[in-house]
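# Results of the structural survey
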Amino acid sequence: MHRSAPRLTRILACAAVPVMLVVAGCSSDSDSGSGTPDKGKDSASSAPSAQQSTKAPEPAKFAKLPEICKSISAKTTASLVPKAKAKNGTAAASSDTASRGGCSWNGLDDKGVKGSQYRWLDVSFYRYESDASLGSGEKRAQENFAKELAKVQATEGAKKLKTADSAGVGDEAKAVTYELRKTGEDFTYASVVARTGNVLVLLTYNGAGYAGADGPSDKTVLAGAVKASKEAVAAVAAANK
């Protein structure tokens, strides 16, 4: 039986799940040295002296983030989410826009008796500064890359979960595909965790068919997620030129 658009909208209210924040790891590096007394000098002047120094981490590669909702082109978002409620995206609240931010698009394409198609796209950015006590920005991003990937792989209720390298997306990237049952329908997911220098890009794209319509294939969803991820990563470099 065909469900009405208002009914579907209420059902889909819980479909989007925001990406979780990351937690920075810590590391330190230090050297120590001592002086050597010279012969012929008195004991006060010839006493050994200890000197300790902390090696400064290399400067962070990227100093700022792009405009998050413009990091993926309007052409791409329109293709991936044809009937987005907000075509320019909905920005996520952030208390520090220089270090983190997010944007999402979601919408329902109601085709009447032919069924409906729901799509959701979300992208988040996290930038890490170099810190003497925490390490370089790139090292911190590498540590959190592993943590964020583990979070996606541990998605509760995920079925047919697969992880693969995503070539051509930043300095390193992994794509995770899986299925998830929500609101009585099977959703197909593709999440990409990517790193470029000292910046992490987390992107998720998913979709489902309603009222008897078939949902998108895992290949289609993965291709869309990778395409959007490449644009998001490129936007970081463009913003720092």
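Data block above holds the structure.
Residues numbered from 1 in each chain as written. Predicted model: local features only at pLDDT ≥ 70, side-chain atom pairs only at ≥ 80, totals over all residues. Heavy atoms only, no water.

### Quick word on the overall build of the protein
Across its full length, the protein holds five helices and nine strands. Taken from N to C terminus, the helices and strands of the protein fall in the order α-β-α-β-α-β-β-β-α-β-β-β-β-α. Here the protein holds 241 residues, and the buried ones make up 42% of them. Contacts in the protein between residues far apart in sequence, at least 24 positions, make up 62% of those at least 6 positions apart. (Helix = DSSP H or I, 4+ residues; strand = E, 2+ residues; numbered from the N terminus. Buried < 20%, exposed > 50% of the residue type's maximum accessible area, 1.4 Å probe, protein only. Contact = heavy atoms within 4.5 Å.)

### Considerations on the pairing of strand β6 (residues 159–165)
Judged by how many residues are buried, β6 sits mostly at the surface: zero of seven residues are covered. Between β6 and the antiparallel strand that follows it, strand β7 (residues 172–182), lie six residues; G168 among them carries a positive phi value of about 80°. (Pairing = 2+ DSSP bridges.)

### With respect to the sheet that holds strand β5 (residues 116–127)
Read across the sheet, seven strands follow the order β3-β4-β5-β9-β8-β7-β6 without closing on themselves; strand pairing throughout is antiparallel. A single partner strand is all that each edge strand has here, and the edge strands are β3 (90–91) and β6. In terms of strand pairing, β6 meets β7 through five bridges, oriented antiparallel. Looking across to β7, one finds that T163 is bridged to V176. In the packing of helix α4 (residues 137–153) onto the sheet, contacts are made with β6, β7, β8 (185–196) and β9 (199–210), and the angle to β8 comes to roughly 170°. (Axes fitted to C-alpha atoms, helices over the stretch in contact; angles between N-to-C directions.)

### Points about the side chain of K182
Looking at the secondary structure, you find K182 in strand β7. Within the buried set, K182 has no salt-bridge partner at all; the shortest N-O distance to an opposite charge, 11 Å, is to D186. A distance of 2.6 Å separates polar atoms of two side chains, one belonging to K182 and the other to Y189. (Lys, Arg positive; Asp, Glu negative; His and termini not counted. Salt bridge = Lys/Arg side-chain N within 4 Å of Asp/Glu carboxyl O. Polar contact = N/O pair within 3.5 Å; in protein donor to acceptor, adjacent residues only side chain to side chain.)

### Concerning the state of the cysteines
In total, this model carries one disulfide according to the counting rule given. The disulfide partner of C69 is C103, and the gap between their sulfur atoms is 2.0 Å. One disulfide, between C69 and C103, carries an S-S torsion of 105° and so falls in the right-handed class. Of this pair, C69 sits in the loop between β2 (50–54) and α3 (74–80) while C103 sits in strand β4 (residues 100–110), placing them 34 residues apart in sequence. Its relative accessible area of 1% is what places C103 among the buried residues. (Disulfide = S-S within 2.5 Å.)

### Re the packing of aromatic side chains
What the rule picks out here adds up to three aromatic pairs. Plain terms: the ring middles of Y118 and F187 are 6.0 Å apart, the flat faces sit at 75° to each other, and that makes the pair edge-to-face. Here the residue Y118 occupies a position in strand β5, and F187 occupies one in strand β8, the gap between them amounting to 69 residues. The same class applies to Y118 and to F187, which are both buried. A centroid spacing of 4.9 Å and a plane angle of 10° characterise the contact between Y178 and Y189, whose relative ring orientation is stacked. Of the two residues, Y178 sits in strand β7 while Y189 sits in strand β8, which places them 11 residues apart along the sequence. Through successive ring pairs, a cluster of aromatic residues spans Y118, F187 and Y210. The aromatic ring of F187 is capped on one face by K182, whose charged end is 5.0 Å from the ring centroid. (Phe/Tyr/Trp six-rings, centres within 6.5 Å; stacked < 30°, edge-to-face > 60°. Lys NZ or Arg CZ within 6 Å of the ring centre and 35° of its normal.)

### Side note on the side chain of T177
Inspection of the secondary structure assignment puts T177 in strand β7. Beyond its immediate sequence surroundings of up to four residues, T177 is in contact with K160, L161, K162, Y189, A190 and L222.

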